[in-house]
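The primary structure of each chain is shown beneath.
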Amino acid sequence: MSDRTDILIGALSEKVAAVTRLPTPTTRALRWLAFAAVFVGALVAIRGHRADIGARLADSAFAVPWAASLLVAISAAFAAFRMTVPGTGRWIAVLPLPPLAVWLATLGTGCVHEISAQGLSVLGTSFECLEFIVMTSLPLAAVLVWMLRRAAPLAPASTFAMGALAAAAAGSTGLELFHHIDTSTEALVWHFGTVGLVTLIGLASGRRALSVALVNE
Amino acid sequence: MEGDGWSELMARAQAGDAPAYRRFLSESAGFLRIIVARTGIPHDQVEDVVQETLISVHAIRHTYDPTRPIRPWLAAIARRRAIDWRRRRNSANSHEVALDDAAHETFADPEANRDKDKSEAAAAIRRWLAELPPGQRQAVELLKLRELSLNEAAAVSGQSVGALKVATHRAMLTLRKLWKRDEPG
């Protein structure tokens, strides 16, 4: 061992202070999900859920993609926190893929049926959806960044993309409870599309958002 | 001692046990050296990357869960520091231009021959650094010469980030005064 390394080890160990061990990624993910549930739940309560929500949830064309978006939010949150533990395999990044595939497949199938029956007129514009998902994602992502930065995000871009996916999917799940969009085409474009957009923004900004001293330059 | 023993040592280090921490860092340095060397870092740079890894391990030691294997945790940090080293080197290389032999020829214009004073300038900088107060000299060495981040330098020196910033600022002012003092003419 070089003298310099030995001196460094001496300097580091000499003044080592007791540290509070970080809770497990599962615990941290559950805390964030609890915050997200309260936050999104409060927004839905303020807006008032749609009157036919019981009937819509009984309809598999609504319930399956809705449940899938909820599972995307949950699995992406677990994956994001797990990715901040050094040594975690890359396999963790595929965790949200199954619910994501179900979400996309159910909306995509509905979209094809609607367009073949009614043509492109079925596609309306709903900037309100985009605004709600983005505005919901921002505070959720901000809290997530604060929590992730306390750990060791060695791969900041993919970690924050995963977190942004969790935040946007949580926003979309809440939005479905009060917003009257009844076509898969519109849900695919305005809900799924916005979630994809937010995830890409997370991927692009992750290095800056999660740059942690001593790990990243 | 194998990896499981290191987990226990690290758990004690997290509780503030300095001897356990010293033993853990000393024993794991060899493992880190192997991991860093496997990433293809040039032989003469491996020790620097190992040192940066040790500083990172120190900074994020609160993230280690003693119920999990420690070697993948250590290896991931070492690989990350190796990537950082490559990124820094590539960034530095992008600002450098290879010179051919003709570039070293002197020119009739005296202003073009200032390069001959390089060795004298280096000697002057070394002399000025030696004249700095110890705190200021350490700040310049860690932040400007070894290019550590503020937090890394704080971990090594035991000074706070704020104190390092102040020391660096004062060092620059002192160096400027020394330069003016020794400026010819």
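Residues numbered from 1 in each chain as written. Chains lettered and ligands numbered in written order. Predicted model: local features only at pLDDT ≥ 70, side-chain atom pairs only at ≥ 80, totals over all residues.

## A closer look at the overall build of chain A
Piece 1. Helix and strand counts for chain A come out as eight helices and zero strands.
Piece 2. Listed N to C, the secondary structure of chain A is α-α-α-α-α-α-α-α in terms of helices and strands.
Piece 3. Every one of the 217 residues in chain A was classed for burial, and the buried ones make up 45%.
Piece 4. In chain A, the proportion of contacts linking residues at least 24 apart, taken out of those at least 6 apart, comes to 88%. (Helix = DSSP H or I, 4+ residues; strand = E, 2+ residues; numbered from the N terminus. Buried ≥ 20, exposed ≤ 12 C-beta atoms within 10 Å, placed from the backbone. Contact = placed C-beta atoms within 7 Å.)

## Concerning the overall build of chain B
Piece 1. The helix and strand inventory of chain B stands at eight helices and zero strands.
Piece 2. Ordered by position from the N terminus, the helices and strands of chain B form the series α-α-α-α-α-α-α-α.
Piece 3. For chain B, with 185 residues in total, the buried portion stands at 30%.
Piece 4. Put simply, 58% of the contacts in chain B that link residues at least 6 apart link residues at least 24 apart.

## Considerations on the interface of chain B and chain A
Frequently, the measure chosen for interface size is the accessible area removed from exposure when the parts meet.
Piece 1. Listed per partner, the contact involves 38 residues of chain B and 29 residues of chain A.
Piece 2. Elements that contribute at least two residues to the side of chain B that touches chain A include exactly helix 1 (3-14), helix 2 (18-38), helix 3 (46-59), helix 4 (70-94) and helix 7 (150-157) of chain B.
Piece 3. Looking at which element gives the most residues to the side of chain B that touches chain A, the answer is helix 4 of chain B, with nine residues.
Piece 4. Across the side of chain B that touches chain A, the residue classes tally to 18 nonpolar, eleven polar and nine charged. (Nonpolar A, V, L, I, M, F, W, Y, C, P; charged D, E, K, R; others polar.)

## Description of the confidence of the model for chain B
All names here are of chain B.
Piece 1. Of the residues in chain B, 83% reach a pLDDT of 70 or more, and the chain-wide mean stands at 82.
Piece 2. Summarising per-element confidence for chain B, the mean pLDDT is lowest in helix 7 (76) and highest in helix 2 (95).
Piece 3. Quick note on the complex model: pTM equals 0.72, ipTM equals 0.77. (pLDDT = per-residue confidence, 0-100.)

## Here's the deal with the environment of Met135(A)
Piece 1. By the secondary structure assignment, Met135(A) is in helix 6 (residues 127-149).
Piece 2. The spacing of Met135(A) and Asp3(A) is 132 residues in sequence and 54 Å in space, taken between C-alpha atoms.

## A look at the nonpolar core
Side chains that are nonpolar tend, in soluble globular proteins, to be buried together.
Piece 1. Formed by 99 residues in total, the largest nonpolar core has its most connected members in Ala76(A), Ala77(A), Ala80(A), Leu165(A) and Ala166(A).
Piece 2. Broken down by element, this core gets its largest block of residues, eleven residues, from helix 7 (residues 156-178) of chain A.
Piece 3. Three or more residues apiece are contributed to this core by two domains, here domain 1 (3-94) and domain 2 (108-182) of chain B. (Core = buried A, V, L, I, M, F, W, Y, C linked by C-beta atoms within 7 Å. Domains from an automatic or database assignment.)

## Remarks on helix 5 (residues 97-118) of chain A
All names here are of chain A.
Piece 1. The terminal C-alpha atoms of helix 5, which comprises 22 residues, lie 31 Å apart, in line with the 32 Å expected from a rise of 1.5 Å per residue.
Piece 2. Buried residues belonging to helix 5 abut helix 4 (60-82) and helix 8 (184-209).
Piece 3. The positive-phi residue at the C-terminal boundary of helix 5 is Gly119, with phi of around 80°. (Expected span 1.5 Å × (residues − 1).)

## Describing the packing of helix 5 of chain A against helix 8 of chain A
Residues and elements named next belong to chain A.
Piece 1. Where helix 5 contacts helix 8, the axes come no closer than 7 Å and their chain directions differ by 135°. With respect to helix 8, the element helix 5 is oriented oblique. Seen from helix 5, the contacting residues are Trp103, Leu104, Leu107, Gly108, Gly110, Cys111, Glu114 and Ile115; seen from helix 8, they are Ser184, Thr185, Ala187, Leu188 and Phe192.
Piece 2. Split into classes, the residues belonging to the contact of helix 5 with helix 8 amount to eight nonpolar, four polar and one charged. (Axes fitted to C-alpha atoms, helices over the stretch in contact; angles between N-to-C directions. Parallel < 35°, antiparallel > 145°, perpendicular 65-115°, else oblique.)

## What about the domain arrangement of chain B?
Piece 1. Its domain assignment divides chain B into domain 1 (3-94) and domain 2 (108-182).
Piece 2. Averaged C-alpha coordinates put domain 1 of chain B and domain 2 of chain B at centres separated by 29 Å.

## Points about the packing of helix 7 of chain A against helix 8 of chain A
Residues and elements named next belong to chain A.
Piece 1. At a minimum axis separation of 7 Å, helix 7 and helix 8 run at an interaxial angle of 150°. Compared by their axis directions, helix 7 and helix 8 come out roughly antiparallel. Two packed elements cross with a definite hand, and for helix 7 against helix 8 that hand is right-handed.
Piece 2. Residues belonging to the contact of helix 7 with helix 8 are distributed by class as follows: 15 nonpolar, nine polar and one charged. (Left-handed = near helix turned anticlockwise from the far one by under 90°.)

## Considerations on the environment of Leu138(A)
All names here are of chain A.
Piece 1. Structurally, Leu138 can be placed in helix 6.
Piece 2. Assessed through the 13 C-beta atoms surrounding it within 10 Å, Leu138 is described here as partly exposed.
Piece 3. Considering only alpha carbons, one finds Leu138 and Ala168, 30 residues apart in sequence, at a separation of 8.7 Å.

## Observations concerning the environment of Ala169(A)
All names here are of chain A.
Piece 1. If you trace the backbone, Ala169 turns up in helix 7.
Piece 2. For Ala169, a count of 33 C-beta atoms within 10 Å corresponds to the buried category.
Piece 3. Taking the C-alpha atoms as reference points, Ala169 and Leu148, 21 residues apart in sequence, are found 18 Å from one another.
Piece 4. Not counting the four nearest positions on each side in its chain, Ala169 is found in contact with Ser69, Val72, Ala73, Ala76 and Val195.

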